[in-house]
Amino acid sequence: MIVDGQAVEHLSVCALGQDQRHTLFGTLDRCSTPFGHRLLRSWLMHPLYITNEIKSRQAAVNSLAENFGTLAEISKTLKTLPDFERLCTRIHAGTLSIKSFVTVLNGFKTVLV
């Protein structure tokens, strides 16, 4: 589903480059990583409209809400990970330092364990 800029503004979904406290994004955002913030913003800006996909996402959220210990463990692990999305973009552009590349590799090791 496409949400145009005027709808985003009138519905207070998010405010670009401004205070997010009084927006839907600001109310829902409890993400602990930069890539989590970006994913949530993307989900809000491009809402699902296929029933099966909506139900699948609801089931995943419900599962995490029911298993707080698992959620806490996942959150703890995610906080230790580098920002893969940004770092992989820099790898592709050829502008990533060796030190940052090692950080990416160690992050992938963490995910695979």
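Sequence order as written defines residue numbering, which begins from 1 separately in each chain. Side-chain atom pairs in this predicted model are given and counted only at pLDDT of 80 or more, local residue features only at pLDDT of at least 70, and totals for whole chains, interfaces and linings cover all residues. For the side-chain quantities, the full set of heavy atoms in the structure was used; hydrogens and water were omitted.

Asker: Explanation requested: a nonpolar patch on the surface in the structure shown.
Answerer: Every patch collects residues that have over 30% relative accessible area and no salt bridge, joining them within 9 Å if they carry like charges and within 5 Å if they are nonpolar side chains (Val, Leu, Ile, Met, Phe, Trp, Tyr). Per-residue and other accessible areas follow the Shrake-Rupley method at a 1.4 Å probe size, with only the shown protein chains counted as cover for residues. Salt bridges are counted wherever a side-chain nitrogen of Lys or Arg sits within 4 Å of a carboxyl oxygen of Asp or Glu. On the surface, L64, F68, L71, I74 and L78 cluster together into a nonpolar patch covering about 410 Å² of accessible area. Helix and strand definitions follow DSSP, with helices as H or I runs of at least four residues and strands as E runs of at least two, each counted in order from the N terminus. A per-element tally of the nonpolar patch places helix α5 (residues 68–80) first, with four residues. With respect to the helices and strands, the residue L71 is situated in helix α5. For L71, a relative accessible area of 31% translates into the label partly exposed. Think of it in three bands: residues with accessible area under 20% of the maximum for their type are buried, residues over 50% are exposed, and the middle band is partly exposed, with areas taken using a 1.4 Å probe on protein chains only.

Asker: Would you take a moment to explain the packing of helix α6 (residues 84–93) against helix α7 (residues 98–112) for this structure?
Answerer: When two helices pack together, their arrangement is captured by the angle between the axes and the distance separating the axes. Only C-alpha atoms enter the line fits that serve as axes; for helices the fit covers just the stretch in contact. Angles between N-to-C directions range over 0 to 180 degrees. Where α6 contacts α7, the two axes come as close as 11 Å, and the packing angle between them is 135°. Relative to α7, the element α6 is oriented oblique. The element α6 and its partner α7 pack so that their crossing is left-handed. Contacts between α6 and α7 involve F84, L87, C88 and I91 from the former and S100, F101, V104, G107, F108 and V111 from the latter. Polar here means any residue outside two lists: the nonpolar Ala, Val, Leu, Ile, Met, Phe, Trp, Tyr, Cys and Pro, and the charged Asp, Glu, Lys and Arg; Gly therefore counts as polar. The residue inventory of the contact of α6 with α7, partitioned by class, reads eight nonpolar, two polar and no charged. Orientation labels follow simple angle bins: below 35 degrees gives roughly parallel, above 145 gives roughly antiparallel, 65 to 115 gives roughly perpendicular, and whatever is left gives oblique. If you view the pair so one helix is near and one far, a crossing is left-handed when the near helix is turned anticlockwise from the far one by less than a right angle, and right-handed when it is turned clockwise. Contact between two residues is taken to exist if any of their heavy atoms lie within 4.5 Å; hydrogens are not considered.

Asker: Mind showing me how you'd approach the packing of aromatic side chains here?
Answerer: Geometrically, a pair of aromatic rings is defined through the distance of the ring centres and the angle of the planes. The aromatic pairing rule takes the rings of Phe, Tyr and Trp, using the six-membered ring of Trp, and pairs them if the centres are within 6.5 Å, calling planes under 30 degrees apart stacked, those over 60 edge-to-face and the rest tilted. All told, the structure shown has one aromatic pair when counted by the stated rule. Here F84 and F108 contribute two aromatic rings whose centre-to-centre distance is 4.5 Å and whose plane-to-plane angle is 20°, an arrangement assigned as stacked. Note that F84 is positioned in helix α6 and F108 in helix α7, a separation of 24 residues in sequence. For R41, the ring lying beneath its charged end belongs to F25, and the centroid distance is 4.3 Å. As a reminder, the over-ring test applies to NZ of lysine and CZ of arginine, requiring each to be within 6 Å of the ring centre and within 35 degrees of the ring normal.

Asker: For this particular structure, what's the right way to read unusual backbone geometry?
Answerer: Excluding glycine, a negative phi dihedral is what most residues carry, and trans is how most peptide bonds are arranged. With a phi close to 55°, S12 is a non-glycine residue in the positive phi region. Checked against the element boundaries, S12 lands in the loop between α1 (5–10) and α2 (24–28). What makes S12 partly exposed here is its relative accessible area of 31%.

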